Structure formats: structure tokens, C-alpha cells
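Fold and contact review
What follows is the residue order along each chain.
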Amino acid sequence: MCQPPLPATALHVPLDRLLHRTCFATREGAREALAAGRIQRADGTAVERNLRLSLAEASTISLLLDGAPLPAAPPSLTVALHKPRGVVTTCADEELAPSGKTYPGVRTLLSAPHRALAPIGRLDADSEGLLLLTNDGALSAAVCQSASCVKRYLVRIAPRRGCYAPSGAFEEVAETQLQVGVDIGLARPGRCERARRVTAEEAAAAARWCDELLDGDSSCLLAEISMATGAKREVRRILRAAGFETQRLVRLAVGPVELDLRPGEARVLGANELARL
């Protein structure tokens, strides 16, 4: 079960995120309204643009927009999506350097009622798999910040040219480097919670949701990587530092929620799944 690192009363959410959820189409629009002094407290005083509210405060504070009470927030909604490769985890299309190619944003995959949802975390354009989107800022913060909300990835890897990292040595590499920590240019070592080769049965099960997952030459192997944290492209960087190139990366799970969708498909999370998150 994923638990927030702080009590709910101490977990603070930016006010512009709360406003985006209630009455603004974008967080930028909410920031502009705050900067213009259009958001006021019940006593008529302007609200600071950088205000962050705890969950307890957010449920009790009375705010006005242009002198009128803010509309009630819509019901909490969280969606699971299988993000395909070639799609960026941003709301708008994005041009990525150095190729200059424009990749579609993740909202292009969602139905109209779900396009206002914000991604929880990210998956880079070359990666695929489970992505959660929500209008619940507290849930998003809890999932992103909690070290107990482990993300699981299936990777297809091959030894880097010039590096001694044959497939038979993966277990040793996992124990001596991946789970201990390697230098990937961060202030902390890059490490995973667990790294192991997957069985043929597990690979076949994952291949139901991912086309061409089992393609590759004899030097490739499939492994499962579990991460409690996630800097930009950290899984790929850790594996590269340990002597492997990542050919395919699929996120299989976020905490208790597992990938059970084909590329581009989405579904609403049920109450039981949300309770376990």
C-alpha cells in the first residue's frame, strides 16, 4: 500500500493546483488570477500567489473569485492509461531535442471528460506502460513522494559494446551494483529496490499488453526493476552505468495498480484500487 510520507494534515498542495481543479482550465490561468488579485479570502483580502495549503486547510478555507464563492470541486477522478512509446507525458504536444521531432501529448489519448486530468509522475517518450492521471492533488503528491509506493518496470536490455556485462552475469550485477547504488550524476547514487531476471511465464504474461516485447537477439534479456524514487530516465541511467543498454522499458505497476491495458487504452480506477493507493 502506498502511504504519504507525511500525515495528511501536513501534506501541502499549491493553491494554483487546487484552483485548476475547481474553476480554471489550466494552472497558468489560476496563477494569472492570483497575480491579478482576483482570488480573495472571505474577508476580502487578496491571497498570496505562492500559498500552499494542507489538506485540512483546503477543505475548510473559504475563497472568492471576483467576489463570488468558488464553485465546488468536481468529484475525485483517477484514470489508468497505457501510454505508448512516442507519446510525451505532457498536456500539450512537445518538440524534443536533438531530433526536433514533435511528439503528441498524452491528452490526445484521453476521452473529453478525462482531458483535464494531470499525470502522476512521468514516462519519457521512449518508454511505455502504466501512467496514472488524476484531478486529486493530494493523491498525486502521495504517490510521487512516498518511498513505499514502488514502481515496477520490465526492461529489455543488452550488454553495452565494450562492457563486460553478459546476460548470465545479471544476477551478480543486480546484487553488487543496481541494488547497492551506482553513480549517475545525481547528488545521491542511483539504485533500485529490486532487480531480477523474469521467467518465461512472466515475460509471456507481460507480452499480452505490449506488442513485440519479446523481439530481440540472443544477447538480450528481460528483467524486472523496482524503484522507490524516480529521477529523469533514472532506470535507463542506472542500467547504463552497470553496463547495459535499455532497448525497451515498460512500467508494469504503480504501487498496487498493475498494467492491464493495451497501448492507448484507459480505464477509471475503482474505489478498492484508490483505497490501496
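Residues numbered from 1 in each chain as written. Predicted model: local features only at pLDDT ≥ 70, side-chain atom pairs only at ≥ 80, totals over all residues. Heavy atoms only, no water.

Quick look at the state of the cysteines
All chains considered together, the criterion is met by zero disulfides. Counting only cysteine sulfurs, cysteine 149 is the nearest neighbor of cysteine 144, a cysteine outside any disulfide, at a range of 8.6 Å. You can call cysteine 144 partly exposed: its relative accessible area is 43%. (Disulfide = S-S within 2.5 Å. Buried < 20%, exposed > 50% of the residue type's maximum accessible area, 1.4 Å probe, protein only.)

Brief notes about the pairing of strand E10 (residues 128-134)
By the criterion of burial, E10 is predominantly enclosed, with seven of the seven residues buried. In this structure, strand E6 (residues 78-83) lies alongside E10, joined through six bridges in antiparallel fashion. Paired with leucine 81 across the strands is leucine 131, a residue of E10. Across two bridges, strand E9 (residues 118-119) lies against E10 in antiparallel orientation. (Helix = DSSP H or I, 4+ residues; strand = E, 2+ residues; numbered from the N terminus. Pairing = 2+ DSSP bridges.)

A few points about the pattern of salt bridges
Counting across every chain of the model gives 20 salt bridges. Each of Arg152, Arg196, Glu202, Glu224 and Glu258 takes part in a single network of salt bridges with overlapping partners. (Salt bridge = Lys/Arg side-chain N within 4 Å of Asp/Glu carboxyl O.)

Concerning helix H7 (residues 234-241)
Every buried residue of H7 is accounted for by Glu234, Val235, Arg236, Ile238 and Leu239. Taken from the residues just after H7, glycine 243 is the one with a positive phi, measuring 105°.

Notes on the sheet that holds strand E5 (residues 68-69)
Taken together, the three strands give an open sheet; going across it, the order is E2-E4-E5, and neighbouring strands pair in antiparallel fashion. Two strands lie at the open edges of the sheet, namely strand E2 (39-41) and E5, each paired on one side alone. Here two bridges tie strand E4 (residues 63-65) to E5, and the two strands are oriented antiparallel to one another. Its bridge partner being in E5, leucine 65 is matched across the sheet by alanine 68.

Comments concerning unusual backbone geometry
We note that aspartate 66 has phi near 55°; this positive angle belongs to a residue other than glycine. By relative accessible area, aspartate 66 is classed as exposed at 53%. One non-glycine residue, glutamate 212, lies in the positive phi region at around 60°. With respect to the secondary-structure elements, glutamate 212 resides in the loop between helix H6 (200-207) and strand E13 (221-227).

Notes on the side chain of glutamate 273
By secondary structure assignment, the location of glutamate 273 is in helix H8 (residues 271-276). A residue is classified by how much of its surface remains accessible, and glutamate 273, at 14% relative accessible area, is buried. Here glycine 270 takes part through its backbone nitrogen, which lies 3.1 Å from a polar atom of the side chain of glutamate 273. (Polar contact = N/O pair within 3.5 Å; in protein donor to acceptor, adjacent residues only side chain to side chain.)

Topic: the side chain of threonine 90
Summarising the element assignment, threonine 90 is placed in the loop between E6 and strand E7 (94-96). The residues contacting threonine 90, other than those within four sequence positions of it, are Gly105, Val106, Arg107 and Arg122. (Contact = heavy atoms within 4.5 Å.)

Things to note about the environment of threonine 176
With respect to the helices and strands, threonine 176 occurs in helix H5 (residues 170-178). For the pair threonine 176 and alanine 242, spaced 66 residues apart in sequence, the C-alpha to C-alpha distance is 9.6 Å. At a separation of 2.8 Å, a polar atom in the side chain of threonine 176 contacts the main-chain carbonyl oxygen of glutamate 172.

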